[in-house]
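Commentary on secondary and tertiary structure
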Amino acid sequence: FRSLSDQLYGDADHHTFVRQQAVLASGASGQVVQLQMWDVPAAADHFGLRINVLSSYPDTAVLTILPESTKSQRVLWLSFWAEVHYNSLYPRHDPPVKAPSPSRKILGSKMLGRLVPR
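Overview of the structure. In every chain, residue numbers begin from 1 and rise along the written sequence. Totals for whole chains, interfaces and linings use every residue, but because this is a predicted model, local features are given only for residues with pLDDT of at least 70 and side-chain atom pairs only at 80 or more, for both listing and counting. Calculated side-chain values reflect all of the structure's heavy atoms, with hydrogen atoms and water omitted.

A few words on the pairing of strand E3 (residues 75-81). Any two strands with at least two DSSP-identified bridges between them are counted as paired. Put simply, DSSP marks the helices as runs of H or I at least four residues long and the strands as runs of E at least two long, and each gets a number from the N terminus on. In terms of strand pairing, strand E1 (residues 50-55) meets E3 through six bridges, oriented parallel. Bridged to Val 53 within E3 is Leu 78. The sheet contact formed by E3 and strand E4 (residues 85-88) spans four bridges and is antiparallel. Looking at E4, one finds that Trp 81 is bridged to His 85. Linking E3 back to E4 in an antiparallel pair, the connection comprises three residues, with Glu 83 at a positive phi of about 60 degrees.

Residue placement: Leu 63 occurs in strand E2 (residues 62-65). To sort residues, take the accessible area from a 1.4 Å probe on protein chains only and compare it with the maximum for the residue type: under 20% means buried, over 50% means exposed, and anything in between is partly exposed. Leu 63 gets classed as partly exposed once you look at its relative accessible area, which sits at 24%. Here the alpha-carbon distance between Leu 63 and Val 53, two residues 10 residues apart in the chain, equals 5.0 Å.

The next thing to look at is a nonpolar patch on the surface. Each patch is built from residues lacking any salt bridge and having more than 30% relative accessible area; the joining distance is 9 Å for like charges and 5 Å for nonpolar side chains (Val, Leu, Ile, Met, Phe, Trp, Tyr). Each accessible area is a Shrake-Rupley estimate made with a 1.4 Å probe; only the visible protein chains count as cover when residues are assessed. Salt bridges are defined by distance alone: a side-chain nitrogen of Lys or Arg within 4 Å of a carboxyl oxygen of Asp or Glu. On the surface, a nonpolar cluster with roughly 250 Å² of combined accessible area is contributed by Leu 54, Val 62 and Trp 77. Secondary-structure assignment places Leu 54 in strand E1.

Pairing of E1 with E2, which is carried by four bridges, proceeds in the antiparallel orientation. Paired with Leu 54 across the two strands is Val 62, which belongs to E2. Between E1 and E2, which pair antiparallel in sequence order, lie six residues.

Strand order in this open sheet of four strands is E2-E1-E3-E4, and the pairing throughout is mixed. Since the sheet does not close on itself, it has two edges, and those belong to E2 and E4, each with one partner. On average, each strand axis in the sheet is inclined to that of its neighbour by 25 degrees, with strand direction left out of account. Note on definitions: a residue-residue contact is assigned when non-hydrogen atoms from the two residues lie within 4.5 Å. Interaxial angle, 0 to 180 degrees, is taken between N-to-C directions of lines fitted to C-alpha atoms, where a helix line uses only the stretch in contact. Against the sheet, helix H1 (residues 2-9) touches E1, E3 and E4, its axis set at about 160 degrees to E3.

The next subject is the side chain of Ser 5. Structurally, the position occupied by Ser 5 is in helix H1. From its side chain, Ser 5 meets the backbone oxygen of Asp 11 in a polar contact 2.8 Å long. Polar contacts, as used here, are pairs of N or O atoms within 3.5 Å; protein pairs need one atom able to donate a hydrogen and one able to accept it. Residues neighboring in sequence count only if both atoms are side-chain atoms.

All right, on to the packing of aromatic side chains then. A pair of aromatic rings is counted whenever rings of Phe, Tyr or Trp (Trp by its six-membered ring) have centres within 6.5 Å, and the orientation is called stacked for planes under 30 degrees apart, edge-to-face for over 60 and tilted otherwise. Applying the stated criterion across every chain, the model contains three aromatic pairs. Plain terms: the ring middles of Tyr 57 and Phe 80 are 6.2 Å apart, the flat faces sit at 55 degrees to each other, and that makes the pair tilted. Residue Tyr 57 is located in the loop between E1 and E2, and its partner Phe 80 is located in strand E3; the two are separated by 23 residues in the primary sequence. A relative accessible area of 6% means that Phe 80 is categorised as buried. Three or more aromatic residues link up through ring pairs in this structure, and these residues are Tyr 57, Phe 80 and Tyr 86.

To continue, consider the environment of Val 75. Looking at where Val 75 falls in the secondary structure, it is placed in strand E3. With 31 residues separating them along the chain, Val 75 and Ala 44 place their C-alpha atoms 9.8 Å apart.

Listed below in structure tokens is the structure:
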């Protein structure tokens, strides 16, 4: 969830909030500690964002996860070392933008458009 937090907010500090939202969206019960592949579609649906995952699986090296309803044209990029770890990815020419705390509404708002260049 730290990698999703980094993609959404520019750092991993908000991973607890991102975890809570993904767990609620997935309908899972109990405490989820580590991001699993099935949590990524739930996060995409909740935040309304496309998520591209570069995987270590040779037969599915690039996965594109589309939300049920798009809230932004922004695209998140993650790497996935099969069954071990996720990382946040950025193009070299496009470093992360530090976003405000998740307690402030940014997705689906005018503020997101100011934070994320199109």
